[in-house]
Structures are given as C-alpha cells and as structure tokens.
Amino acid sequence: MSDLSELYQEILLEHNSKPRNFYKLEEADRSADGFNPLCGDKIALYLKLDGDIISEVGFQGSGCAISRASASMLTQSVKGQSVERAEEIFGAFHRMLTEPGEEPDYDALEDLESLAGVAEFPTRIKCAILAWHTLKAALEGTQESATTE
Ligand code: ZN
C-alpha cells in the first residue's frame, strides 16, 4: 500500500467515525432520502438555503464506511457554497469515480479526493455517489427518494 492510499484511508476512516454535520436540520428548506439497495446504505439529507447559497446542511443515515464518509465530506464541501458550485463539485466527484484516467479537479474535490480509489470497485461507486444523488434530489425539490438504481 502506498503512502498516499494510507493517507486516503485515514481521511476516510476519520470521516466515518466522526461524521461532520451528522444531525437532522429541524428547519430544513429541502430534504430528501437516498437508498442504495445494492449495499443497504440509507441517508437523509437536509438543506437550508439562503437565496442561492446552501447555508446549512445535515445528514443522517446508516450504511457502510464509504457511504458515511462520502456524505460527511459532501456536507463539508457544499456548506456555504452556491447551488451552482455544489453541482460543479458533484460533477468533479462523479468524473473522478467514472473517468479515473482524467486529471481530477483538486480545487473542487478537497477531502473528496480521498475516495478516488473507489473507482476501482464499481459496486462501491454507488456507495460513494449516494449522498450526491440525494443532494440533487433535495435541490430539485423532488419528493421521491433518490436511489442509485
Ligand atoms: Zn455502501
């Protein structure tokens, strides 16, 4: 195992054991549920919008380490950002996982870069992307649950 993947592992485990913004936002403007039937990961995401800015974000749920760590990193990276920027970060994250040969957009990714190794495990990509599909569903205000299927 390279030093880099050890570092990534550390970030991932740290987010999993101490997830950021792990709470239900009582006064959420938007919320959505997400489910990944392949792994059994469940997530509920809550957003507070201040105009076009995601001012607060919280999540709850249960699932594997990757789904939890990814949701935790998501809340950290989109909090305080515009909806447009959040979509750019999602785009960068999606590309990192589905086009691993391409140079990632490190500015957008920050800690999310630590999930790059997931690209080698197609079944786990759904674990990593679940929170992001749920974010999209919440932003679009669709009442339906997001699913990775
Ligand atoms: Zn999972």
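This text gives an overview of the structure that appears in the document. Remember, it's a predicted structure, so these values are computed and weren't measured experimentally.

1. With respect to the overall build of the chain
Line of reasoning, step 1. Helices and strands together make up the secondary structure of the chain, namely 5 helices and 4 strands.
Line of reasoning, step 2. When the elements of the chain are put in sequence order from the N terminus, they spell out α-β-β-β-α-α-α-α-β.
Line of reasoning, step 3. Relative to its length of 149 residues, the chain is compact, with a C-alpha radius of gyration of 14 Å against a globular reference of 15 Å.
Line of reasoning, step 4. Principal-axis analysis of the C-alpha atoms places the extent of the chain at approximately 45 × 30 × 25 Å.
Line of reasoning, step 5. For the chain, the residues scored as buried account for 42% of the 149 residues in total.
Line of reasoning, step 6. Relative to all contacts within the chain whose residues are 6 or more apart in sequence, the contacts with residues 24 or more apart total 58%.
Line of reasoning, step 7. Approximately 7,800 Å² of the chain is accessible, and the part contributed by carbon and sulfur atoms is 47%.
Line of reasoning, step 8. Across the chain, the 13 positively charged side chains and the 27 negatively charged ones have centroids separated by 7 Å.

2. Observations concerning helix α5 (residues 122-140)
Line of reasoning, step 1. Over its 19 residues, α5 extends 26 Å from the first C-alpha to the last, a length consistent with the 27 Å expected when each residue adds 1.5 Å.
Line of reasoning, step 2. Maximum bend of α5: about 45°, positioned at I129.
Line of reasoning, step 3. Within the span of α5, buried status applies to I125, C127, A128, I129, L130, A131, W132, T134, L135, A137, A138 and L139.
Line of reasoning, step 4. In the segment just after α5, G141 is the residue with positive phi, at about 70°.

3. Details of the pairing of strand β3 (residues 53-62)
Line of reasoning, step 1. For strand β2 (residues 41-50) and β3, the ladder comprises 9 bridges, and the chain directions are antiparallel. If you follow L49 over to β3, its bridge partner there is I54.
Line of reasoning, step 2. Linking two consecutive strands that pair antiparallel, namely β2 and β3, is a turn of 2 residues; a positive phi of about 65° is found at G51 within it.

4. Considerations on the environment of E84
Line of reasoning, step 1. Along the polypeptide, E84 turns up in helix α3 (residues 83-98).
Line of reasoning, step 2. Using a relative accessible area of 54% as the deciding quantity, one classes E84 as exposed.
Line of reasoning, step 3. Through-space distance from the C-alpha of E84 to that of D52 is 8.2 Å; in sequence the pair is 32 residues apart.

5. Some words on the coordination of the zinc ion
Octahedral metal centres with six donors ideally show angles of 90 or 180 degrees, and tetrahedral centres with four donors ideally show 109.5 degrees.
Line of reasoning, step 1. Those donors, C39 (SG), D41 (OD), D41 (OD), C64 (SG) and C127 (SG), are the protein atoms that reach the zinc ion, and they lie 2.2 to 2.6 Å from it.
Line of reasoning, step 2. One chain supplies every donor to the zinc ion, and in sequence these donors are spaced C-x1-D-x22-C-x62-C.
Line of reasoning, step 3. The exposure class of C39 is partly exposed, given its relative accessible area of 36%.

Analysis parameters
- Residues numbered from 1 in each chain as written.
- Predicted model: local features only at pLDDT ≥ 70, side-chain atom pairs only at ≥ 80, totals over all residues.
- Heavy atoms only, no water.
- Helix = DSSP H or I, 4+ residues; strand = E, 2+ residues; numbered from the N terminus.
- Rg over C-alpha atoms; globule rule 2.2 N^0.38 Å.
- Buried < 20%, exposed > 50% of the residue type's maximum accessible area, 1.4 Å probe, protein only.
- Contact = heavy atoms within 4.5 Å.
- Areas by Shrake-Rupley, 256 points an atom, 1.4 Å probe, with all protein chains shown as cover.
- Lys, Arg positive; Asp, Glu negative; His and termini not counted.
- Charge placed at Lys NZ, Arg CZ, Asp CG, Glu CD.
- Expected span 1.5 Å × (residues − 1).
- Bend = angle between axes of the 7 residues up to and from the residue.
- Pairing = 2+ DSSP bridges.
- Donors = N, O, S within 2.8 Å, 3.2 Å for Na, K, Ca; no water.

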